[in-house]
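Each chain, written out:
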Amino acid sequence: MDTTKEIKFADDAFSPLPEGALDQDQIARKKTTYFKDVWRNFKKNKAAVISLVVIAIMIFFVLFGPMMTKFDYYSNDYSCSNQGPNAVHWFGTDNLGRDLWTRVWAGGRVSLIIAILATLIPEIIGMAVGGISGYLGGWADTVIMRTIDVLMGIPSLIYMILLMVVMGSGNIATLVIAMSITGWMGAARSTRGLVLQLKTREFVVASETLGASSGWIIARRLIPNTLGIRVVSITMSLPSVIFYEAFLSYIGLGVTPPQPSWGQLIKAAGETFRYYPYQFIIPCLCVSITMLCFNLIGDGLRDALDPKLRA
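Residues numbered from 1 in each chain as written. Predicted model: local features only at pLDDT ≥ 70, side-chain atom pairs only at ≥ 80, totals over all residues. Heavy atoms only, no water.

Asks: So, the overall build of the protein: which residues are in play, and what are the values?
Replies: From N to C terminus, the protein includes eleven helices and zero strands. Helices and strands appear in the protein in the N-to-C order α-α-α-α-α-α-α-α-α-α-α. When contacts within the protein are restricted to residue pairs at least 6 apart in sequence, long-range pairs at least 24 apart make up 68% of them. Looking at the protein as shown, the accessible area adds up to about 18300 Å², and 65% of this sits on carbon and sulfur atoms. (Helix = DSSP H or I, 4+ residues; strand = E, 2+ residues; numbered from the N terminus. Contact = heavy atoms within 4.5 Å. Areas by Shrake-Rupley, 256 points an atom, 1.4 Å probe, with all protein chains shown as cover.)

Take a look at the structure:
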């Protein structure tokens with residue numbers, strides 16, 4: 001029995017396609033790149049964006065603030081000692097009559113240079129050591145990690161103080177070296193964990209199959225794929241380094257006068273805080289705002305680089 005029936009449609013059941021309708025079957029989302037995608041997600045975090053603007057303003061004043069007045073950071077003028085903020089000296093003067101506006105921003109230049117160098121150098125060392133440890137494994141991994149475990153058993157601030165006493169304090173290079181010697185261990189452990197996850201991935205196995213050397217695989221395949229997470233770590237580490245520099249300067253192991261830094265300004269003003277609080281509050285605010293902004297930027301980057309949150 002034939003159940004097939006001919007289906008008939010009315011003459012007006014269909015209408016012709018409009019012109020250009022065949023070109024409408026396209027992806028709705030515009031073409032983008034990885035960095036554009038990260039920036040789009042980063043902009044959703046308003047606190048991180050505001051912090052980025054504040055840091056940009058701080059960097060502007062650190063670079064150009066000392067040039068905005070006729071005063072330098074080292075000349076004494078005892079006739080205007082301990083003046084409060086006024087039209088001539090915008091942040092006031094210290095006990096030697098030096099202009100605090102110039103000294104605060106010149107000190108910020110020193111503090112930020114130390115923070116950036118003392119963060120990047122140990123991060124590079126740590127990523128190299130962690131990459132070697134995680135990829136090679138075996139006895140090399142055991143020796144490296146057990147050494148790091150022993151060294152990390154003592155607070156890094158103790159190492160810094162001992163190194164500053166041995167090498168001598170007073171200049172930027174010594175501070176950077178002391179912080180670099182003690183700061184690479186955390187980066188090495190974190191990078192090792194990431195490399196252990198990546199070393200069994202297909203692109204690494206393909207490179208091994210084609211005969212690539214271990215050094216090439218670590219430098220060109222593994223380390224670049226950890227940079228996203230490590231960039232967040234670098235941003236989050238900057239506040240700690242700024243704090244360490246301020247603390248070492250406060251206890252007399254930082255840069256020596258007349259070269260200022262935020263920590264040194266806080267130390268000098270702490271002795272007269274009850275009488276001239278502005279000398280203490282202004283550099284403290286600079287340190288606090290910088291540390292807070294870098295922490296918020298790190299939070300924003302962590303969310304922006306998280307593939308689970310990418311839409």
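Asks: Go over the nonpolar core with me, naming the residues and quoting the values.
Replies: Phe91, Val104, Trp105, Leu175, Met179 and Trp262 are the most contacted members of the largest nonpolar core, which has 41 residues in total. Excluding its chain neighbours within four sequence positions, the residues that come into contact with Phe91 are Pro85, Leu100, Trp101, Val104, Trp105, Tyr278 and Ile282. By size, the runner-up hydrophobic cluster in this structure holds nine residues, among which are Val195, Leu198, Ile218 and Ile223. (Core = buried A, V, L, I, M, F, W, Y, C linked by side-chain atoms within 4.5 Å. Buried < 20%, exposed > 50% of the residue type's maximum accessible area, 1.4 Å probe, protein only.)

Asks: Which residues make up a nonpolar patch on the surface, and what values do they have?
Replies: A grouping of Ile59, Phe60, Leu63, Phe64, Met67, Met68 and Trp90 is seen on the molecular surface, where their side chains present a nonpolar patch of about 670 Å² in accessible area. Along the chain, Trp90 falls in the loop between helix H2 (46–64) and helix H3 (100–136). By relative accessible area, Trp90 is classed as partly exposed at 39%. (Patch = residues over 30% accessible without salt bridge, like charges linked within 9 Å, V, L, I, M, F, W, Y side chains within 5 Å. Salt bridge = Lys/Arg side-chain N within 4 Å of Asp/Glu carboxyl O.)

Asks: Run through the packing of helix H5 (residues 156–167) against helix H6 (residues 172–198), naming residues and quoting values.
Replies: Closest axis-to-axis distance for the H5/H6 pair is 9 Å, and the angle between their directions is 140°. Taken as axis vectors, H5 and H6 run oblique relative to one another. As for how H5 packs across H6, the hand of that crossing is right-handed. Where H5 approaches H6, its residues Ser156, Tyr159, Met160, Leu163, Met164 and Met167 are matched on the opposing element by Thr174, Leu175, Ile177, Ala178, Met179, Ile181 and Thr182. When its residues are assigned to classes, the contact of H5 with H6 shows ten nonpolar, three polar and no charged. (Axes fitted to C-alpha atoms, helices over the stretch in contact; angles between N-to-C directions. Parallel < 35°, antiparallel > 145°, perpendicular 65-115°, else oblique. Left-handed = near helix turned anticlockwise from the far one by under 90°. Nonpolar A, V, L, I, M, F, W, Y, C, P; charged D, E, K, R; others polar.)

Asks: Could you give me a rundown of the pattern of salt bridges, with the residues and numbers involved?
Replies: Any two side chains of opposite charge can pair, given that their charged atoms come close. Across all of its chains, the model carries seven salt bridges by this definition. Among the salt bridges present, the one from Asp94 reaches Arg98, with a minimum N-O distance of 2.9 Å. For the pair Asp94 and Arg98, one class covers both residues: buried. With its nearest N and O atoms 3.8 Å apart, the salt bridge here joins Arg103 to Asp94. Across the pair, exposure class does not vary: Arg103 and Asp94 are buried alike. Salt bridges sharing partners connect three or more residues here, namely Asp94, Arg98 and Arg103.

Asks: An account of the environment of Ala118 is needed here, citing residue identities and associated values.
Replies: Within the fold, Ala118 resides in helix H3. Judged by its relative accessible area of 4%, Ala118 falls in the buried class. Leave out the neighbours within four places in its chain, and Ala118 touches Val176, Met179, Ser180 and Val241.

Asks: Just give me the short version of the packing of aromatic side chains, but keep the residues and values in it.
Replies: All told, the structure shown has 13 aromatic pairs when counted by the stated rule. Plain terms: the ring middles of Phe60 and Phe61 are 5.6 Å apart, the flat faces sit at 75° to each other, and that makes the pair edge-to-face. Summarising the aromatic geometry, the rings of Phe243 and Tyr244 are spaced 6.1 Å apart at their centres and angled 55° between planes, so their arrangement reads as tilted. Accessibility expressed as a relative area gives 22% for Tyr244, which makes it partly exposed. Taken together, Phe60, Phe61, Phe64, Trp90, Phe91, Trp101 and Trp105 form an aromatic cluster joined through their ring pairs. (Phe/Tyr/Trp six-rings, centres within 6.5 Å; stacked < 30°, edge-to-face > 60°.)

Asks: How would you explain the side chain of Glu123 if you had to name every residue and give the values?
Replies: As for its placement among the helices and strands, Glu123 is situated in helix H3. Here the side chain of Glu123 touches Arg230 through a polar contact of 2.5 Å, side chain to side chain. When residues no more than four places from it in sequence are discounted, the contact partners of Glu123 are Ala187, Arg230, Ser233 and Ile234. (Polar contact = N/O pair within 3.5 Å; in protein donor to acceptor, adjacent residues only side chain to side chain.)

Asks: Lay out H3 with the relevant residues and their values.
Replies: With 37 residues, H3 ought to run about 54 Å at 1.5 Å a step, and its terminal C-alpha atoms sit 53 Å apart, in line with that. The residue sitting at the N-terminus of H3 and contributing the capping side-chain oxygen is Asp99; that oxygen lies 3.5 Å from the backbone nitrogen of Trp101. Count one or two residues on from H3 and you reach Gly137, which has phi positive near 65°. (Expected span 1.5 Å × (residues − 1).)

Asks: Could you give me a rundown of H6, with the residues and numbers involved?
Replies: Taking 1.5 Å as the rise per residue, H6 with 27 residues should run 39 Å; its terminal C-alpha atoms sit 37 Å apart, in good agreement. Of all the bends in H6, the largest measures some 35° and sits at Ile181. (Bend = angle between axes of the 7 residues up to and from the residue.)

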